[in-house]
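Here's the letter readout for the chains.
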Amino acid sequence: MRKQMLYTRRELGMMLAPLVIEQVLVMLVGMVDTVMVSGAGEAAVSGVALVDMVNYLIITVMAALTTGGAVVISQYLGSGQEGQAAFSAGQLVQISGLLSMGIAGLCLLFRHGIMRLFFGAVEPAVMDAALTYFVITACSFPFLGLYEAGAALYRVLGRTSVTMYISLGMNLINLAGDYVGVQVLHAGVAGVAVPTLLSRIFAAAVMLALAFQPDKMIRLEWRHIFCRDRAMVSRILYIAVPGGVENGLFAMGKVLVVSIVSHFGTVQIAANGVANSVSQIAVMVVNAVNLVIVPVVGQCMGSGDPDQAYDYTRKLMRVSYVSLFVLGLGVCLLLPVILPFYRLEAETLGLAARLVVLHNLLALAFHPTSFNLPNSLRAAGDVRYTMMVGIGSMMIFRLGSALLLGDVLGWGVTGVWIAMGLDWLARSIAFCIRYHSQKWRQMQVIERPAS
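The following paragraphs examine the structure supplied in this document. (Residues numbered from 1 in each chain as written. Predicted model: local features only at pLDDT ≥ 70, side-chain atom pairs only at ≥ 80, totals over all residues. Heavy atoms only, no water.)

**Digging into the overall build of the protein chain**
The helix and strand tally for the protein chain stands at 16 helices and zero strands. Over its C-alpha trace the protein chain gives a radius of gyration of 21 Å, about what one expects of a compact globule, namely 22 Å for 451 residues. Along the first, second and third principal axes, the C-alpha atoms of the protein chain reach 65 × 45 × 40 Å. Evaluated residue by residue, the protein chain yields a buried proportion of 59% over its 451 residues. Excluding contacts between residues fewer than 6 apart, the proportion of contacts in the protein chain whose partners are at least 24 apart in sequence is 85%. When the accessible surface of the protein chain is totalled, it reaches about 17900 Å², and 68% of it is carbon and sulfur. Once the 29 positive and 23 negative side-chain charges of the protein chain are each reduced to a mean point, those two points are 8 Å apart. (Helix = DSSP H or I, 4+ residues; strand = E, 2+ residues; numbered from the N terminus. Rg over C-alpha atoms; globule rule 2.2 N^0.38 Å. Buried < 20%, exposed > 50% of the residue type's maximum accessible area, 1.4 Å probe, protein only. Contact = heavy atoms within 4.5 Å. Areas by Shrake-Rupley, 256 points an atom, 1.4 Å probe, with all protein chains shown as cover. Lys, Arg positive; Asp, Glu negative; His and termini not counted. Charge placed at Lys NZ, Arg CZ, Asp CG, Glu CD.)

The structure is reproduced here in C-alpha cells:
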C-alpha cells in the first residue's frame, strides 16, 4: 500500500514561491552590479563579467558541498532520525566554513596568476578592473559558504521564506551600496564589489544566528560543529565530492569558454556579460526548482518511497517548463526596454539581444532535463553517473564545440552560445536515459532504521 504523500501541492508551492522570489533577488544583484558599473565604461563591465565567471566556478564548488549536506539532512529527516539530521547539519557548517576559507585564501594568494591564466589576452584596463573585483569578492567567500550551509538547513525544513527575507536584506544592502559606491563615491568596480562583500557578511551572520534558535525541528548546536565524525563527513562528501568535481569542471569549462570569448574583443566580451545577466531572468524558476527538488526527493528516498520521488520530480519539472515559456517569451518581448539600462554601444546591445533570444529558445528545449533531472538523481544518491555525464558533456560539447564554432569557424560568441545548447542537449539525453532506467531507486546514502 502506498504511503501518504509527504507534500501537498500547497506545501510545494509554499516552498517554491519564496525561492523564486529569492532567485529574482539573486539575479538582481548581478544585473544591478552590471548596470551600475556600466557607467564606468566597457572595460569595467568586461572586467566584472570575466570575474563573475571565475566566481561562478568557485561558488558552484561550494554549492556542491551544500547539496551533499542537504541530501544527507533530508534523508535523515525523511527516515525520522531528527537527531542525526541535526548532527549532519552541524558537520555541514564545519566543512563549509573550512572549505570556503581555504578557497578564499588561495584566491587572494594566487590572484594575479589566476587572472593571467584565464584572461591574459584582455586589455590592461580590463585586467585592472578584473583584479580589483576579484580580490574584494574573494574576501566574501567564507561568509557565503556559512550562509549557504545555514540556508540548506532551512530549505530542508521547508522554511524557504527565511532565506527569502535574508536575501531581500542582502539585496537592499547591495543596492544601496552600489549607488553610494558608483554614483556618490565614483569608485567604479570597487564601488560594486564592496557592497557584495558587506551583504554576504550580513547574510551569514543573520542566517547562523537564526539556525541556532531552538524553535524548530532540527537546529545547529556548537557541539555538532566543533567535533568531527568521519562517518558523517563521509556521507556528506559521498554526495558532495562527485557533485563538486562535476560542477567545478562544468564551471571551469564555462570559464575556459569565456576565456575563448576574451579573444573576440571588448564588444563581444561586454555583450556576453550583458546577455549572461539578462538571460538569468528566464531560468530563475528553474533554479528555484533545483533547490526544492533536493530536499523533496531526499526526504522521499529517506522514507523509502522512490515512487513519490518520481512523482514529485515530474511535477516540479512541469513547473520549470511552463515558467521557461512564459518568462522566456516575456524577456524577448521586453528586450527593447531592458537593454537600454546598460549604457553601452548599439553594436554591443544588438549582439546581446541576439544571444538572449538564442539562450531562451535553447533553455525551453533542454534546461529542465539538463539541470532539474540530475539534481533529482543526486538527491537519490546517484552521484557518480551525473558526474561522469557532466564532465564528458562539458569537455566534448561545451568546450570542444565552443572552440570549433567560435574560434575555428569564426562564429565568435554566437558559436559559443550554440555550443552551450549542444551541451544541454547531450546532458538531457543522458539523464533521461538514466532516470528511466530506474537504477537510482536502489541507491542508499544513509542507514535507515529497522521497520
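**Topic: the pattern of salt bridges**
Under the defined criterion, the tally for this structure stands at eight salt bridges. The partner of Arg 223 in a salt bridge is Glu 221, with the nearest N and O atoms 2.7 Å apart. Residue Asp 382 pairs with Arg 434 through a salt bridge whose shortest N-O separation is 2.8 Å. With a gap of 52 residues between them, Asp 382 in the loop between helix 14 (346-380) and helix 15 (383-408) and Arg 434 in helix 16 (residues 412-437) connect regions that are remote in the sequence. Arg 434 gets classed as buried once you look at its relative accessible area, which sits at 14%. (Salt bridge = Lys/Arg side-chain N within 4 Å of Asp/Glu carboxyl O.)

**Points about the packing of aromatic side chains**
This structure, assessed with the given rule, holds six aromatic pairs. Relative to Tyr 435, the ring of Tyr 310 has its centre 5.8 Å away and its plane inclined at 15°; by these criteria the two rings are stacked. Of the two residues, Tyr 310 is situated in helix 13 (residues 306-338) and Tyr 435 in helix 16; the sequence distance between them amounts to 125 residues. For the pair Tyr 310 and Tyr 435, a shared accessibility class is recorded, and that class is buried. (Phe/Tyr/Trp six-rings, centres within 6.5 Å; stacked < 30°, edge-to-face > 60°.)

**A short note on the packing of helix 7 (residues 160-184) against helix 8 (residues 189-211)**
Where helix 7 meets helix 8, the axes come as close as 8 Å, and the angle between the chain directions of the two elements is 155°. Classified by the angle their axes make, helix 7 and helix 8 are roughly antiparallel. Considering the relative orientation of helix 7 and helix 8, their crossing is right-handed. Residues Val 162, Thr 163, Ile 166, Gly 169, Met 170, Ile 173, Asn 174, Gly 177, Asp 178, Gly 181 and Val 182 of helix 7 lie in contact with helix 8, whose contacting residues are Gly 191, Val 192, Pro 195, Thr 196, Leu 198, Ser 199, Arg 200, Phe 202, Ala 203, Val 206, Met 207 and Leu 210. Within the contact of helix 7 with helix 8, the residues separate by chemical class into 13 nonpolar, eight polar and two charged. (Axes fitted to C-alpha atoms, helices over the stretch in contact; angles between N-to-C directions. Parallel < 35°, antiparallel > 145°, perpendicular 65-115°, else oblique. Left-handed = near helix turned anticlockwise from the far one by under 90°. Nonpolar A, V, L, I, M, F, W, Y, C, P; charged D, E, K, R; others polar.)

**Observations concerning unusual backbone geometry**
For Gln 438, which is not a glycine, the phi torsion comes out positive at approximately 75°. Among the secondary structure elements, Gln 438 is positioned in the segment after helix 16.

**What to know about a nonpolar patch on the surface**
Taken together, the side chains of Val 322, Phe 325, Val 326, Leu 329, Leu 333, Leu 334, Val 337, Phe 341 and Leu 364 define a hydrophobic patch exposed on the protein surface, amounting to about 890 Å² of accessible area. Secondary-structure assignment places Val 337 in helix 13. (Patch = residues over 30% accessible without salt bridge, like charges linked within 9 Å, V, L, I, M, F, W, Y side chains within 5 Å.)

**Focus on helix 6 (residues 141-156)**
Look at helix 6: 23 Å from first C-alpha to last across 16 residues, which is about the 22 Å you get at 1.5 Å a residue. By the criterion of burial, helix 6 is predominantly enclosed, with 13 of the 16 residues buried. Of the residues trailing helix 6, Gly 158 is marked for its positive phi of about 80°. (Expected span 1.5 Å × (residues − 1).)

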